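What the coordinates show
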Amino acid sequence: VLTAALAQTHDTELTTGITFNLALAHRKQGRLDKALESLTQIQRLDPGRTDIDANRLQILEEAARFDEAAESMETMLARDPKNASLHSQYNHLLYQLGREEEFLKSYDRAPKTLELQFGKALFLVAAERGEEAYAVYSDILTREPDDHNALIGQATALNLMGRHDEAVQILDRASARY
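Sequence positions are assigned chain by chain, starting from 1 and proceeding in written order. For this predicted model, a pLDDT threshold of at least 70 governs which residues receive local features, and a threshold of 80 or more governs which side-chain atom pairs are given and counted, while totals over whole chains, interfaces and linings are taken from all residues. Excluded from the side-chain calculations are hydrogens and water; all other atoms, namely the structure's heavy atoms, are used.

Residue placement: D147 occurs in the loop between α9 (130-143) and α10 (148-160). Linking D147 and Y137, residues ten residues apart in sequence, is a C-alpha distance of 9.7 Å. Filtering out sequence-adjacent residues up to four positions away, D147 remains in contact with F118, L141 and Y178. We define a polar contact as two N or O atoms separated by no more than 3.5 Å, with the added condition that, inside protein, one atom must be a possible hydrogen donor and the other a possible acceptor, whereas residues neighbouring each other in sequence contribute only through side-chain atom pairs. In this structure the side chain of D147 is engaged in a polar contact, spanning 3.0 Å, whose partner is the backbone nitrogen of N149. Note on conventions: DSSP H or I runs of at least 4 residues are helices, E runs of at least 2 residues are strands, and numbering of each starts at the N terminus. Contacts were defined at the residue level, with two residues in contact if any of their heavy atoms lie within 4.5 Å.

To continue, consider the environment of E131. Turning to its location among the elements, E131 is positioned in helix α9. Whether a residue is buried, partly exposed or exposed follows from its accessible area with a 1.4 Å probe, protein chains only, as a fraction of its type maximum: under 20%, in between, or over 50%, in that order. Look at E131 and you get exposed, because its relative accessible area is 59%. Sequence separation between E131 and G48 is 83 residues; the distance between their C-alpha atoms is 41 Å.

Here we take up the pattern of salt bridges. Pairing is possible between side chains that carry opposite charge, provided their charged atoms lie close to one another. Every case where a carboxyl oxygen of Asp or Glu lies within 4 Å of a side-chain nitrogen of Lys or Arg is listed as a salt bridge. Summed over all chains, the structure comprises twelve salt bridges. In this structure, E132 engages R129 in a salt bridge whose closest nitrogen and oxygen atoms are separated by 2.8 Å. Beyond isolated ion pairs, a larger network of salt bridges with shared partners links D33, R65 and E68.

Before going further, it helps to examine the packing of aromatic side chains. Stacked, edge-to-face and tilted are the three classes for Phe, Tyr and Trp ring pairs, Trp counted by its six-membered ring, which pair at centre distances within 6.5 Å; planes under 30 degrees apart are stacked, over 60 edge-to-face, the rest tilted. What the rule picks out here adds up to four aromatic pairs. Measuring from ring centre to ring centre gives 5.1 Å for Y95 and F103, while their planes differ by 40°; the resulting arrangement is tilted. Three or more aromatic residues link up through ring pairs in this structure, and these residues are Y95, F103, Y107 and F123. Working rule: Lys NZ or Arg CZ, within 6 Å of ring centre, within 35 degrees of ring normal, means a charge sits over the ring. Seen from the ring of F20, R49 lies directly overhead, with NZ or CZ sitting 5.7 Å from the centre. A cation over a ring is seen here: R163 above Y134, with NZ or CZ 5.6 Å from the ring centre.

Geometric values such as these leave the question of function open.
Shown next, in the form of C-alpha cells:
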C-alpha cells in the first residue's frame, strides 16, 4: 500500500512521510537493509532533516553494522557537539568495540559543559582510569567548587588510584559542607 502511494505522489513532504513509514514497516519485518535504504532516500529528498538519525542508528546497531553506526554518530556529533546523550552512546559503542584510541576523544572535541565533563568522568571511572577521572573532576571543581557530585567523583577516582586516605578526607569535607 505504501509503495503504491509513493508512486502516485510528487509532494516531497508526503513522499518523505510515506517513505519514513515504509522504513518503519521494513524494520518491523526484519528487512533492515530496506529500512536503511528508505531512510537514505528521505535524506536525499530532505537533506536538512535530522529527525531520522536516531532511527538510522538503531537499525545499524540491530544489523550489527557498528562501524557505520560509529561514523553516523561522528557526523551527528559534528552537528551537535553538546549532545551529552549522543556522546554517551558513541563512547559506549567505541568501548564495546575496543576502539581504545578513539574512546572519549569526542569529549575533547566538544565544549566543556558540566554535563559533558561528568559524562567523560563517568566513563573514565568505569574504565578504571582513576588519574584521568580525577583530573576531570578537579577541573569541574575549579569551576563549581561546591558541586557534591564532583567531590564524590573525585573521591571515587582517588580510591581507584589506591589513595584511600585522601578519598576519605574529601568525603569528610564534603559531608561537613552538606
